[in-house]
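Descriptive structure summary
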Amino acid sequence: MSTDQQTVPDRTPPSLDARVVAALGSAQRPPRASALVSSLTFGWRALLKIKHVPEQLFDVTMFPIMFTLMFTFVFGGAVSGSPGEYLQYALPGILVQTVVFITMYTAMTINTDIEKGVFDRIRSLPVWRPSLLVGALLGDTLRYLMASSIVLLVGTAIGYRAPGGLGGVVLAVALLLVFCFSLSWLWLILGLKLRTPNAVMGVAMMVLFPLTFVSSVFAPPETMPGWLQAFVDVNPVTLLVEAARGLMNGDSRPGDVLVVVVLAVVVTGVFAPIAMRIYNRKS
Amino acid sequence: MDHLAIETDGLVKLFGRNRAVDGVDLAIASGGVHSVLGPNGAGKTTVIRMLATLLVPDGGTARVLGHDVVDEAAEVRSRVALTGQFASLDEDLTGAENLVLLARLYGYSRRAARERASELLSAFDLDDAAAKQVKAYSGGMRRRIDIAGSIVVRPDLMFLDEPTTGLDPRSRNQVWEIVRALVGAGTTILLTTQYLEEADQLADRISVIDHGRVIAEGTSGQLKASVGAGSVKVRVADPSDRDEVARLLAESLDASPVLESDASAMTIRVDDPSAVAGALHRVGEHGLVVSEYALGQPSLDEVFLALTGKPPADRTDPTDRADQEVPA
Ligand SMILES: Nc1ncnc2c1ncn2[C@@H]1O[C@H](COP(=O)(O)OP(=O)(O)OP(=O)(O)O)[C@@H](O)[C@H]1O
Ligand SMILES: [Mg+2]
């Protein structure tokens, strides 16, 4: 009986079961993967998915370009007198809106994993359980960064100049990522709870459209009727937009930024444990 | 270590008012294949998901390799592998990427993970498909890569949920070959199936479940003995001879033939296969011509019929159980 596969010519390979036994026998147990390694591995998976399904980048790249151009040239003249002036006002808001919209893919991704059975396989592995979620959030963060860059590039190409300079822009994007990270936990809960990716999409649209449009993204709240202003003023997206706008305009009020950070910490503190609990007990 | 590989006591899982698993007791020894046989909706997958720590039972206890599935879930997870009923790898990734991913999660270094992946791919005849996305794989290839994913690290116990449903005979035989190889190498396998033939081919012992309960347990020989050795299908050359042939066969085989809608065919239960030749010979002596006959094993339907007195119910609609009594 030959156990050395090298000496067997290609045409007559050993039978399937002999090879399976050989492959099984050589499996010694490596030390358990650390939490960091397993999280990064799931992050790597998110990258591979971007590579194999570049269509998913379509939303990330086309939405921001569309939004930026559409709002600047369609509404610009009406709201601010000229597209150029409007762009200066609206770009920080468009940046926020674009990325906040993309956060819903966190829910889509996890929901698809559950539907396809990948989720079961992963949860039956001896890995630090939250690493699937952490890895997914890492991948998402990368998408947020890509989308942010695109909005800023397109904006710059059609004439946007940040008075706050590069530093202000970087800080604004960082703040945005912090906020979206906390929002992702909410999406995870939704993704774990809803039955199909389509249902996730439906709920996401119902939440995101009012949240991003009824805010100070596209128009100053002062121009809106009082009852609407009341909502706009407490809308977290407005708070985020005002803070980001301040940073990009170079006239940031520390209070604005602090409010957003506190909000993100509170949302994470409340919803991350809930999401983890649902994830662990998910049937 | 003389504990059982799997030991459950009154295991229960409810989905709303549907008692998907309704008091399952299993005692499965280490080594070999134990098969859980049952029709659609019997609760096979639900049992496996509880044993693999994916679902928390609503009642009863389960120990896997000596560890409680709820209190010592991490211990259980580090020693079992699950190959789910539906492809459980990432379809967007290539076969190689999936295996590298799993190997990394099991703790292999980057380099070792790549080596392990290619070792497994060639062991499972998937070299050519290594760089293809799993969504482009055939059913048989998917099953093989799923199983490969389960032995990245050698498990002590492997759950295989309906590994051959929907496969062509060649792929099915490959899966069987793999299962036998794994068992030969000392892995215990819990395999669910809807096919008696599969349980017969692979399993040392079989638990038949229906409506979330174990309704019979034993070796395949014992189960078959409960329904007789099988049945013989007979076609007569001339349909007008059928009644006469049926009468003769009924006499010799001591069972009543079931006439089929095809006017020249019938099926008769046989307890002793060696009596069939004599019975057919006697038909010939009466100048009647049998054009075709086939001796078949009892089907799962027949086992069910014998065990429950009714054919396996189709349980795809869970509401048909909603009116069952719910114990306090
Ligand atoms: N997640 C779930 N939510 C609600 N009901 C469920 C869920 N999973 C299973 N069920 C129900 O539990 C019962 C048992 O299902 P299960 O999937 O365990 O059967 P099965 O024996 O694996 O069937 P199949 O051969 O079709 O795979 C069915 O009535 C099914 O509808
Ligand atoms: Mg099933």
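Anything mentioned here points back to the structure above.
Okay, so let's go over this structure. (Residues numbered from 1 in each chain as written. Chains lettered and ligands numbered in written order. Predicted model: local features only at pLDDT ≥ 70, side-chain atom pairs only at ≥ 80, totals over all residues. Heavy atoms only, no water.)

**Things to note about the overall build of chain B**
Which entries qualify depends on this criterion: In DSSP terms, a helix is any run of H or I states spanning at least four residues, a strand is any run of E spanning at least two, and both are numbered starting from the N terminus. Note on exposure labels: buried denotes an accessible area under 20% of the residue type's maximum, exposed denotes more than 50%, and partly exposed covers the range between, all computed with a 1.4 Å probe on protein chains only. Every residue pair with non-hydrogen atoms within 4.5 Å of one another is taken to be in contact. Areas reported here follow the Shrake-Rupley algorithm with a probe of radius 1.4 Å; residue values treat only the protein chains shown as occluding.
When you go through chain B residue by residue, the secondary structure sums to eleven helices and 14 strands. Buried residues in chain B amount to 53% of all 328 residues. At a minimum sequence separation of 6, the contacts of chain B that also span at least 24 residues come to 68%. By element, 50% of the accessible surface of chain B is carried by carbon and sulfur atoms, the whole surface being about 13800 Å².

**Regarding the environment of Ile145(B)**
All names here are of chain B. Checked against the element boundaries, Ile145 lands in helix H5 (residues 139–150). You can call Ile145 buried: its relative accessible area is 0%. Separated by 20 residues in sequence, Ile145 and Asp125 place their C-alpha atoms 9.5 Å apart. Beyond its immediate stretch of four places on either side in the chain, Ile145 contacts Leu89, Gly95, Leu99, Leu121, Leu126 and Tyr137.

**Looking at the interface of chain A and chain B**
Put simply, an interface is often sized by how much accessible area is lost when its parts join up. Keep this limit in mind: What gets called buried area is simply the loss in accessible area from a 1.4 Å probe that two parts show on being joined, summed for both. Salt bridge, as used here: a side-chain nitrogen of Lys or Arg that lies within 4 Å of a carboxyl oxygen of Asp or Glu. Whenever two N or O atoms come within 3.5 Å, that pair is a polar contact, provided that in protein one can donate a hydrogen and the other can accept it, and provided that, for residues adjacent in sequence, both atoms are side-chain atoms. Under the convention adopted here, Pro, Cys and the residues Ala, Val, Leu, Ile, Met, Phe, Trp and Tyr are nonpolar, Asp, Glu, Lys and Arg are charged, and Gly plus all remaining residues are polar.
Listed by partner, the interface residues are 42 residues for chain A and 49 residues for chain B. For the pairing of chain A and chain B, the buried interface totals around 4200 Å² over both sides, and the portion due to carbon and sulfur atoms is 60%. Among the residues of chain A in contact with chain B, Leu16(A), Leu24(A) and Arg121(A) are the three that bury the most area, contributing 18% of the side total. There are seven salt bridges connecting chain A and chain B. With its nearest N and O atoms 3.1 Å apart, the salt bridge here joins Lys49(A) to Asp92(B). Along the contact surface separating chain A from chain B lie twelve residue pairs in polar contact (both at pLDDT 80 or more). Residue contributions to the side of chain A that touches chain B peak at ten residues, all from helix H2 (residues 35–52) of chain A. Along the lines of polarity and charge, the residues of the side of chain A that touches chain B split into 18 nonpolar, ten polar and 14 charged.

**Observations regarding the coordination of the magnesium ion (ligand 2)**
The condition is simple: With water excluded from the atoms, a metal site may look incomplete; its donors are any N, O or S atoms within 2.8 Å, or within 3.2 Å for Na, K and Ca.
The magnesium ion (ligand 2) binds to the protein through Thr45(B) (OG1) and Gln85(B) (OE1); the donor distances cover 1.8 to 2.1 Å. With Thr45(B) in helix H1 (residues 44–51) and Gln85(B) in the loop between strand S6 (80–83) and helix H3 (95–105), the pair connects residues that are 40 residues apart, well separated along the chain.

**Overview of the sheet that holds strand S11 (residues 230–236) of chain B**
Residues and elements named next belong to chain B. Worth spelling out the cut-off: Strands qualify as paired when DSSP identifies two bridges or more between them.
Ordered by their spatial adjacency, four strands build an open sheet running S12-S13-S11-S14, and the pairing between neighbours is antiparallel. At either end of the open sheet lies a strand with only one pairing partner, and these are strand S12 (258–259) and strand S14 (290–296). The pairing of S11 with strand S13 (residues 265–270) spans six bridges and is antiparallel. Across the sheet, the residue bridging to Gly230 is Val270, located in S13.

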